[in-house]
Each structure stands twice: as structure tokens, then as C-alpha cells.
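Working through the structure, step by step
Residue-level listing of the chains:
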Amino acid sequence: MTSPDVLLLHRERDQLRPQLAEARLFRNNLRHQWLLADPFTRAQLEIRIEQIDQHIRDREWRLDEIDAQLRQGGEEVVQPPPPPPPDLAFLYDVCISGGEAEPALTWLWEELVPRLEAVGLRFALAGEAPPGVSRLDSAQHTFTQSRRVLALLTEGYLASNSSRFESIMAQAESIRSGLARLIPVFLEDIDLEYPPAWVPLRLNPLVVNPVVLGPAALARGQRIPRLDPWAKLAETLRGPLPTT
């Protein structure tokens, strides 16, 4: 095999690998849409998913063929890195529950979302649902497709039946998967040893380790960087998923 032939094969392989990764991500997005779709839309999505599957199979076959040709020509074939571990194989990095009413609504869009976008974290809102899909069904599917779930805890959040049920579903998903995916976030300063009465036992700071983003906690983090709650939250979202 001549050098120009080898160069062309390497170039084609380098083009195919990112195309394959993009196609797999697109297929995952279509599968998520299928979970929330009505029967008619599901039938259309199934056809599209099968087309993408064939597209992926064709490129996988071509990559295997290129590797075989390179080996026959005496080239050392370096395989791409293995796929990400299961705890990273999610559609979203974080699902946010509890940002539908004030004061959490303003805080969500003015404080939290810009910080998530700045560090490249993919997020979804548990309360968002396509037309014709119940909010709780949408939240359930979003929880299963999200690596972590942030519950923005305020007294109003836990007074809402739907938000309370969302937090229960998130904890149930953590139990099912065996991974501690729920992160309670208090938007006001609380005493971690003596939390207010509106905090249920399952979300009590003595039971689960929360992130506190109240004014006093933020001011303390500015004085002592290692106590910065924003840094703690970013580290937790990027870190490995602990087991339950």
C-alpha cells in the first residue's frame, strides 16, 4: 500500500469517527423524543431511528474495513478511546426541579442557568412538557435521562403537590439505579443541624448532603474560597456518581 493510499485512509477514518459520534448522539435524542411522543409521532420517529441505525451500521462497517486495510498494509491501528462509563451516558448532565414559581424562577434564570451554560453542562427542566404530555410523565422520563437532579428547595416548592411528587420520583430513580443522583439545593440559609420544620425527613440535611446557596453561605464562600457553595455544586455535578 502506497503512502498516498495510507494517507487517504487515515483522512477518511478521521472524518468518519466524529460523524459516527454525532449520529449516535442524534439517535439518543430521537429515542428521548419517542418516550414523550403520541402514537402517531412515535411511528414516524421509529422510521427515522431505523434510518439513523442503518447510517451508524454503515459507518461502523466502513471503519472496520479501513482498519483491516491499514493492518494489511503493516500500519499500526490505534483504536479510539472506549465509550464513556455508564454514569456519563445520559442525555442531560442535570435536571432542575422546582424553578416554576418565585423566588426560585428568577434565581434559576439569572443565577443558575448562566453558570451551567458557562461550564458547558447540559440541563433540562422537570416542569417542561410537550403539548399533550403530562408534566409528571415528562418529569419521569427527564429524570431517567439526567445524570443528576437538582431540587431547588424552598418552602413553596415543598408546598406544591407536583413538585413534592417530582422529588419523590427523583429519589425513587436513585434507589432504582443504585446511584445518588438527587442534590438538594437550599436557596436560603438554614441551620444544617436544626433545619426548618417544612423540610421533610427524606430531604433533611442530616440525611442527605445538600448545597446551601443562601446569602450568608455565598458571602462566606467569597471570604473562604474552599467553602464556596458554587464551586461545591460544580464539583459535585462533574464528579463521579456516588452509590446509594
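Residues numbered from 1 in each chain as written. Predicted model: local features only at pLDDT ≥ 70, side-chain atom pairs only at ≥ 80, totals over all residues. Heavy atoms only, no water.

**Description of the overall build of the protein chain**
A count of helical and extended segments in the protein chain gives eight helices and five strands. Along the chain direction, N to C, the helices and strands of the protein chain fall in the order α-α-β-α-β-α-β-α-α-β-β-α-α. Burial status across the protein chain gives 39% buried among its 244 residues. Counting only contacts in the protein chain whose residues sit at least 6 apart along the sequence, the fraction spanning at least 24 positions is 71%. (Helix = DSSP H or I, 4+ residues; strand = E, 2+ residues; numbered from the N terminus. Buried < 20%, exposed > 50% of the residue type's maximum accessible area, 1.4 Å probe, protein only. Contact = heavy atoms within 4.5 Å.)

**Let's talk about the side chain of Arg 148**
One can find Arg 148 in strand β3 (residues 146–153). Within the local environment of Arg 148, its side chain forms a polar contact with the backbone oxygen of Ala 180, the two atoms lying 3.2 Å apart. Reaching out from Arg 148, the side chain makes a polar contact with the backbone oxygen of Thr 236 at a distance of 3.4 Å. Contact partners of Arg 148, with chain neighbours within four places excluded, come to Asp 93, Val 94, Cys 95, Ala 180, Arg 181, Ile 183, Thr 236, Leu 237, Pro 240, Leu 241 and Pro 242. (Polar contact = N/O pair within 3.5 Å; in protein donor to acceptor, adjacent residues only side chain to side chain.)

**Examining the sheet that holds strand β1 (residues 92–97)**
Overall, parallel pairing links the five strands, which are arranged β2-β1-β3-β4-β5 in an open sheet. Only two strands of the sheet have a single partner each, and these edge strands are β2 (123–125) and β5 (211–212). When β1 meets β3, the two strands line up parallel, connected through five bridges. Residue pairing in the sheet places Ser 97 in a bridge with Ala 151 of β3. Packing against the sheet, helix α3 (residues 104–118) makes contact with β1, β2 and β3, and its axis sits at approximately 155 degrees to β2. The sheet contacts of helix α4 (residues 135–144) involve β1, β2 and β3, and relative to β3 the element is tilted by about 125 degrees. (Pairing = 2+ DSSP bridges. Axes fitted to C-alpha atoms, helices over the stretch in contact; angles between N-to-C directions.)

**Some points on the packing of aromatic side chains**
The geometry of an aromatic ring pair comes down to the distance between the two centres and the angle between the two planes. Under the counting rule described, the total for this entry stands at two aromatic pairs. Plain terms: the ring middles of Trp 107 and Trp 230 are 5.8 Å apart, the flat faces sit at 10 degrees to each other, and that makes the pair stacked. Here the residue Trp 107 occupies a position in helix α3, and Trp 230 occupies one in helix α8 (residues 229–238), the gap between them amounting to 123 residues. Of the two residues examined, Trp 107 and Trp 230, each falls in the buried class. Summarising the aromatic geometry, the rings of Phe 186 and Trp 198 are spaced 6.3 Å apart at their centres and angled 55 degrees between planes, so their arrangement reads as tilted. Of this pair, Phe 186 sits in strand β4 (residues 182–186) while Trp 198 sits in the loop between β4 and β5, and the two are 12 residues apart along the sequence. With respect to burial, Phe 186 and Trp 198 carry one shared label: buried. Taking the ring centre of Trp 230 as reference, the NZ or CZ of Arg 115 above it sits at 4.0 Å. (Phe/Tyr/Trp six-rings, centres within 6.5 Å; stacked < 30°, edge-to-face > 60°. Lys NZ or Arg CZ within 6 Å of the ring centre and 35° of its normal.)

**Details of the side chain of Thr 154**
Relative to the assigned elements, Thr 154 resides in the loop between β3 and α5 (155–159). Apart from the residues lying within four places of it in its own chain, the contact partners of Thr 154 are Leu 187 and Trp 198.

**A look at the packing of α4 against helix α6 (residues 161–177)**
Look at α4 against α6: their axes get within 10 Å of each other, and the N-to-C directions meet at 30 degrees. With respect to α6, the element α4 is oriented roughly parallel. Where α4 crosses over α6, the handedness of that crossing is right-handed. Between α4, through Arg 135, Leu 136, Ala 139, Gln 140, Phe 143 and Thr 144, and α6, the contact on the second element is made entirely by Ser 162, Ser 163, Phe 165, Glu 166, Met 169, Ala 170 and Glu 173. The residue makeup of the contact of α4 with α6, split by class, is six nonpolar, four polar and three charged. (Parallel < 35°, antiparallel > 145°, perpendicular 65-115°, else oblique. Left-handed = near helix turned anticlockwise from the far one by under 90°. Nonpolar A, V, L, I, M, F, W, Y, C, P; charged D, E, K, R; others polar.)

**Structural notes on empty space enclosed by the protein**
Scanning all chains against the criterion turns up one cavity of 30 Å³ or more. By volume, the largest cavity is sized at about 30 Å³. Lining the largest cavity are Phe 143, Val 149, Ala 170, Glu 173, Ser 174, Arg 181 and Leu 182. A per-element tally of the lining of the largest cavity places α6 first, with three residues. Within the lining of the largest cavity, the residues separate by chemical class into four nonpolar, one polar and two charged. (1 Å grid on protein atoms, 1.4 Å probe; cavity = no way out; pocket = protein on both sides within 12 Å on 5 of 7 lines; lining within 4 Å. Points joined across faces, edges and corners; volume = space filled by probe spheres on them.)

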